[in-house]
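The chain contents come next:
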Amino acid sequence: MALIDKLKDEQKLAMKAKDKLRLGTIRLALSAIKQREVDEQITLNDDDILAVLTKMVKQRRDSVAQYESAGRQDLADVESAEITVLEDFMPQPLTEEEVAQLIEAAIAESGAAGMQDMGNVMGVLKPQIQGRADMGKVSGLVRAKLA
């Protein structure tokens, strides 16, 4: 089933269950997807939708950190709940061992020899890891391997 169809089905279930938080979060996701489709005049595939959801999760994680540092735990809890809902639609996260194996394979595949080849390695990794691992952490691990 396509990811957009899954989101729409879950939206209907959330309406029937009167789950306001889940319904609101799914509506936000569908809205962000529709906005990108309208802006770029394309129909998004599952990988593009996954990129939108990944961006939304990242934004919410940043918000949680800011709310907690400002002492607004009530707002941080709402954002955390939204993260949980969004993660239901994302693929299972990779373990650290799996990430390390993918990095090794990408370095071998791209023939990277040093830091100047980091872009090539990340280009190979991104499609494999998108939505399944934090790209910032992966970037740091690649940098450490190439240094």
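Numbering of residues starts from 1 in each chain and follows the order in which that chain's sequence is written. Local features are withheld for residues below a pLDDT of 70 in this predicted model, meaning they are given only at 70 or higher, and side-chain atom pairs are given and counted only at 80 or more; totals for whole chains, interfaces and linings count all residues. Excluded from the side-chain calculation are hydrogens and water; included are all heavy atoms of the structure.

Engineer: Could you give me a rundown of the nonpolar core, with the residues and numbers involved?
Structural biologist: The nonpolar side chains of a soluble globular protein tend to be buried, and buried together. In this text, buried Ala, Val, Leu, Ile, Met, Phe, Trp, Tyr and Cys residues form a nonpolar core when linked through side-chain atoms within 4.5 Å. Throughout, exposure labels follow a simple rule: accessible area from a 1.4 Å probe, protein chains only, divided by the maximum for the residue type, with under 20% read as buried, over 50% as exposed, and the rest as partly exposed. Ranked by size, the top nonpolar core spans 20 residues in total, and within it Leu7, Ile49, Leu53 and Phe89 carry the most contacts. Of all the elements in the fold, those that place two or more residues in this core are helix H1 (3-17), helix H2 (20-40), helix H3 (46-69) and helix H4 (73-87). Secondary structure is summarised from DSSP: a helix means a run of H or I of at least four residues, a strand means a run of E of at least two, and numbering begins at the N terminus for each. Of the residues forming this core, the biggest block, seven residues, is contributed by H3. Here, residues are in contact when the closest pair of their heavy atoms is within 4.5 Å. Leaving out residues up to four positions away in the same chain, leucine 53 has contacts with Leu3, Ala29, Leu86, Phe89 and Met90. With 16 residues, the next largest nonpolar core counts Ala106, Met118, Val142 and Leu146 among its residues.

Engineer: If you had to explain the side chain of arginine 22 to someone new, which residues and values would you point to?
Structural biologist: Structurally, arginine 22 is set in helix H2. Two N or O atoms count as a polar contact when they lie within 3.5 Å, although within protein this holds only if one can serve as hydrogen donor and the other as acceptor, and sequence-adjacent residues are included solely when both atoms are side-chain atoms. Here the side chain of arginine 22 touches glutamate 10 through a polar contact of 3.0 Å, side chain to side chain.

Engineer: Which residues make up a positive patch on the surface, and what are the values?
Structural biologist: Patch construction takes residues with relative accessible area above 30% that form no salt bridge. Like charges are linked within 9 Å, and nonpolar side chains (Val, Leu, Ile, Met, Phe, Trp, Tyr) are linked within 5 Å. Under the convention used here, a 1.4 Å probe and the Shrake-Rupley method define accessible areas, while residue burial counts only the protein chains that appear. The term salt bridge refers to a pairing of a side-chain nitrogen on Lys or Arg with a carboxyl oxygen on Asp or Glu at a separation within 4 Å. Charged residues are defined here as Lys and Arg on the positive side and Asp and Glu on the negative side; His and the ends of the chain fall outside this count. The atoms used to mark charge sites are NZ of Lys, CZ of Arg, CG of Asp and CD of Glu. On the surface, Lys8, Lys12, Lys16 and Lys34 cluster together to form a positively charged patch. Sorting elements by how many residues they give to the positive patch places H1 first, with three residues. Among the secondary structure elements, lysine 8 is positioned in helix H1.

Engineer: So what's going on with the pattern of salt bridges? Residues and values would help.
Structural biologist: Under the defined criterion, the tally for this structure stands at eight salt bridges. Residue arginine 60 pairs with glutamate 82 through a salt bridge whose shortest N-O separation is 2.7 Å. Taken together, the positions of arginine 60 in helix H3 and glutamate 82 in helix H4 put the pair 22 residues apart, joining distant regions of the chain. In this pair, the class of arginine 60 matches that of glutamate 82, namely buried. For the salt bridge of glutamate 104 with lysine 145, the shortest nitrogen-to-oxygen distance reads 2.7 Å. Taken together, the residues span a long stretch of sequence, with glutamate 104 in helix H5 (residues 96-110) and lysine 145 in helix H7 (residues 135-146) at a distance of 41 residues. Given the relative accessible area of 39%, glutamate 104 is considered partly exposed. By relative accessible area, lysine 145 is classed as partly exposed at 46%. Via salt bridges that share partners, Glu10, Arg22 and Asp88 belong to a single interconnected network.

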